[in-house]
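Now for the letters of each chain:
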Amino acid sequence: MLIQYKSMLIKQSIIKAEGVSKKFLISHEGNQKYIALRDTLTYKFKNILSRKKDYSSTEEFWALKDLNFQIEQGDRIGVIGRNGAGKSTLLKVLSRITEPSTGKISIKGRVASLLEVGTGFHPELTGRENIYLNGAILGMTRKEIKEKFNEIVSFAEIGKFLDTPVKRYSSGMYVRLAFAVAAHLDPEILIIDEVLAVGDAQFQRKSLGKMDDVSKKDGRTVIFVSHNMDAVTNLCNKCIYLKRGEIVMFDDTSKVIDAYLKDNRSIEKSKDTFDPKQAKILNVELDSVELLKGNIKVSVEYNWPLEVNPNVGITFSTMFGSIIYGTNFSLHHNETLDVHVKHGIAIFYVDNIPLHSGSYNLTVYLGDGYHNLDIKFDALTFDFISTSGIINPYSHQIIGPLNIPARWELKPLE
């Protein structure tokens, strides 16, 4: 009966944000550019002596704007959004690394966070000493830490280097130990940023499994930031979508990811003045409905003043810039492309695109078949969720992004 009573209490508010905003001040030094601290100091000193007006200015930048949300104990919360949306700032506020400029955050319980490589570790101390240091910071007794010690070392897989100063660790070793410490020292709230991407694929899968366990079995709250929608889908039951420092949506993960993908599919039309004498890519759009089905449909609006037929091309690349596929009118030619269209829309289709889940860039080219007259580098950045059913988080660097249909067969030998 005691166990049942505890399980009934597990769903209670553990984090509450009320009107939380975070402001940073950005300094501008007028039109002058300084390449060294010496130049800046000399300029300031001359201004003081000559009593000249200092033309430097300060701009307010609101990284978070009036956030209001409530997280229950045992929830697994994903935080998604494009770069610069405020995700890392939110985690730093929740981790008490920085205070909000306005508003209030109420947190019940101990918080362990893994935000950047090296955060929370003293570089001169050994792995062993840093485990005890982090446990003490979390308020644990030496006896409690000792009970968890072997589990931490085993999970981090650094037994051989346990008594080596962590400043000599590789970034992967750093992350393995930091995650193991954060996950095993019994915090009520575990906060993890994209830093897990530093580790290898095997450790990333193990870490995602551990986060799932500590939430479902131990009732702890996990807050996880990632650009990998597959990982977020499989780990998190709820999701926060941030955009320019504001919460666009906070709901079930599937609903939030659908909204995020639909919101990040197209770029605005070029702001340049339309010139019928200039060969130019005017607009690029990706069909979000088709993307959710596992298909790709890209529409490219262009202007083409030349007498020869245009040649429109597309390349797909990983977030690291490696091209994984490319095509153009010449490579996949058909009779409909023989019509001379000066101002039109070229539409590219692929059904059941063979990609693993992840983020990809799309670049568009416009030329005459020999020379490119206009290029839109990284015209679109999109997140793709594979419909193949194969879950493969964080492994592009190990096996690549292609998810080509295949099968294995095993035959016994007599």
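Remember, predicted model here, so these are calculated numbers, not experimental data.

Engineer: How do you make sense of the overall build of the protein chain when you look at a structure like this?
Structural biologist: The helix and strand tally for the protein chain stands at 11 helices and 16 strands. Across the 414 residues of the protein chain, 44% fall into the buried class. Within the protein chain, counting contacts between residues at least 6 apart in sequence, those at least 24 apart form 71% of the total. For the protein chain, the accessible surface area stands at approximately 23300 Å², while carbon and sulfur atoms represent 53% of it.

Engineer: Can you help me understand unusual backbone geometry in this one?
Structural biologist: Most peptide bonds are trans, and most residues other than glycine sit at a negative phi. With phi around 70 degrees, Arg96 is a residue other than glycine that occupies positive phi space. In this structure, Arg96 sits in the loop between α3 (87-94) and β4 (102-107).

Engineer: Quick question: what am I supposed to make of the pattern of salt bridges here?
Structural biologist: Any two side chains of opposite charge can pair, on the condition that their charged atoms come close. In this structure the tally under the stated criterion is 10 salt bridges. Of the charged contacts in the structure, one is a salt bridge between Lys238 and Asp75, with a shortest N-O distance of 3.9 Å. Pair noted here: Lys238 is in strand β8 (residues 238-243) and Asp75 is in the loop between β2 (57-72) and β3 (76-80), with a separation of 163 residues, a long-range link. Here Lys238 falls in the partly exposed class, since its relative accessible area comes to 25%. A salt bridge links Glu157 to Lys206, with the shortest nitrogen-to-oxygen separation between them at 2.7 Å. Placement of the pair is Glu157 in the loop between α5 (142-156) and α6 (171-184) and Lys206 in helix α7 (residues 201-216), with a sequence separation of 49 residues.

Engineer: Just checking my understanding: could you explain the packing of aromatic side chains for this structure?
Structural biologist: One pass over the full model with this rule turns up 10 aromatic pairs. Where Phe69 meets Phe250, the ring centres are 6.3 Å apart and the plane angle is 90 degrees; that geometry is what we call edge-to-face. Within this pair, whereas Phe69 is found in strand β2, its partner Phe250 is found in strand β9 (residues 246-252), the two being separated by 181 residues in sequence. Of the residues examined, Phe250 reaches a relative accessible area of 27% and is grouped as partly exposed. Between Phe316 and Tyr325, the ring centres sit 6.2 Å apart and the planes meet at 35 degrees, which makes this aromatic pair tilted. Phe316 sits in the buried class, given a relative accessible area of 2%. Among the aromatic side chains, those forming a connected cluster through ring pairs are Phe316, Tyr325, Phe348, Tyr360 and Phe382. Across from the ring centre of Tyr132, 4.4 Å away, lies the NZ or CZ of Arg142, which sits over that ring. The side chain of Lys206 reaches across the aromatic face of Phe155, ending 4.6 Å from its centre.

Engineer: Got a minute to help me understand a nonpolar patch on the surface in this structure?
Structural biologist: A surface patch of nonpolar side chains, about 240 Å² in accessible area, is lined by Phe24, Ile26 and Phe61. By secondary structure assignment, the location of Phe24 is in strand β1 (residues 13-28).

Engineer: What am I meant to see in the layout of surface pockets here?
Structural biologist: If a probe as big as a water molecule is rolled over the atoms, it shows which places are left empty. Its boundaries defined by the atoms lining it, the second largest pocket holds a volume of some 430 Å³. For the second largest pocket, the lining is made up of 23 residues, of which Phe329, Leu337, Ala346, Ile347 and Phe348 are closest to its centre. Contributions of two or more residues to the lining of the second largest pocket are made by β11 (296-303), β12 (311-318), β13 (323-328) and β14 (343-350). Counting residues per element, the lining of the second largest pocket draws most heavily on β14, at six residues. Of the residues belonging to the lining of the second largest pocket, the class tally is 15 nonpolar, eight polar and no charged.

Engineer: Sorry if this is basic, but what is going on with the nonpolar core here?
Structural biologist: One broad trend across soluble globular proteins is that nonpolar side chains are buried collectively. If you look at the biggest cluster of nonpolar residues, it comprises 47 residues, and the most contacted ones within it are Ile80, Ile131, Leu177, Phe179, Leu190, Met211 and Phe224. A per-element tally of this core places α6 first, with nine residues. Those residues in contact with Leu177 that sit more than four places away from it in its chain are Phe121, Gly127, Ile131, Ile152, Ala156, Ile158, Val166 and Tyr169. In terms of nonpolar packing, the next biggest core, distinct from the first, is built from 27 residues, Val284, Phe348, Leu362 and Val364 among them.

Engineer: Looking at this structure, I do not really get the sheet that holds strand β16 (residues 372-384). What am I missing?
Structural biologist: Remark on secondary structure: sheet strands pair via backbone hydrogen bonds, oriented parallel or antiparallel. Here we have four strands laid out as an open sheet, ordered β13-β12-β15-β16, and antiparallel in their pairing. The sheet is open, and its two borders are formed by β13 and β16, each paired with just one other strand. Across the sheet, the axes of successive neighbouring strands diverge by a mean angle of 15 degrees, strand direction being ignored. Taken together, the eight bridges between β12 and strand β15 (residues 358-367) define a ladder with antiparallel strand orientation. Within β15, the residue paired with Gly313 across the bridge is Tyr365.

Engineer: Before we go on, may I ask you to explain helix α4 (residues 127-137) in this structure?
Structural biologist: Every α-helix carries 3.6 residues per turn, so stepping three or four residues along brings you back to the same face. Turning to α4, its buried residues are Gly127, Asn130, Ile131, Tyr132, Asn134 and Gly135. Elements that come into contact with the buried residues of α4 comprise α5 and α6. Two residues or fewer past α4, Gly139 is found with a positive phi of approximately 90 degrees.

Engineer: What am I meant to see in the packing of α5 against α6 here?
Structural biologist: Each pair of packed helices can be described by the angle between their axes along with the distance between the axes. The contact between α5 and α6 brings their axes to 8 Å, and the two run at 145 degrees. The element α5 and its partner α6 pack so that their crossing is right-handed. Residues Lys148, Glu151, Ile152, Phe155 and Ala156 of α5 form the contact with α6, whose own contacting residues are Arg176, Leu177, Phe179, Ala180, Val181 and His184. Class assignment of the residues belonging to the contact of α5 with α6 gives a composition of seven nonpolar, one polar and three charged.

Criteria and cut-off values
Residues numbered from 1 in each chain as written. Predicted model: local features only at pLDDT ≥ 70, side-chain atom pairs only at ≥ 80, totals over all residues. Heavy atoms only, no water. Helix = DSSP H or I, 4+ residues; strand = E, 2+ residues; numbered from the N terminus. Buried < 20%, exposed > 50% of the residue type's maximum accessible area, 1.4 Å probe, protein only. Contact = heavy atoms within 4.5 Å. Areas by Shrake-Rupley, 256 points an atom, 1.4 Å probe, with all protein chains shown as cover. Salt bridge = Lys/Arg side-chain N within 4 Å of Asp/Glu carboxyl O. Phe/Tyr/Trp six-rings, centres within 6.5 Å; stacked < 30°, edge-to-face > 60°. Lys NZ or Arg CZ within 6 Å of the ring centre and 35° of its normal. Patch = residues over 30% accessible without salt bridge, like charges linked within 9 Å, V, L, I, M, F, W, Y side chains within 5 Å. 1 Å grid on protein atoms, 1.4 Å probe; cavity = no way out; pocket = protein on both sides within 12 Å on 5 of 7 lines; lining within 4 Å. Points joined across faces, edges and corners; volume = space filled by probe spheres on them. Nonpolar A, V, L, I, M, F, W, Y, C, P; charged D, E, K, R; others polar. Core = buried A, V, L, I, M, F, W, Y, C linked by side-chain atoms within 4.5 Å. Pairing = 2+ DSSP bridges. Axes fitted to C-alpha atoms, helices over the stretch in contact; angles between N-to-C directions. Left-handed = near helix turned anticlockwise from the far one by under 90°.

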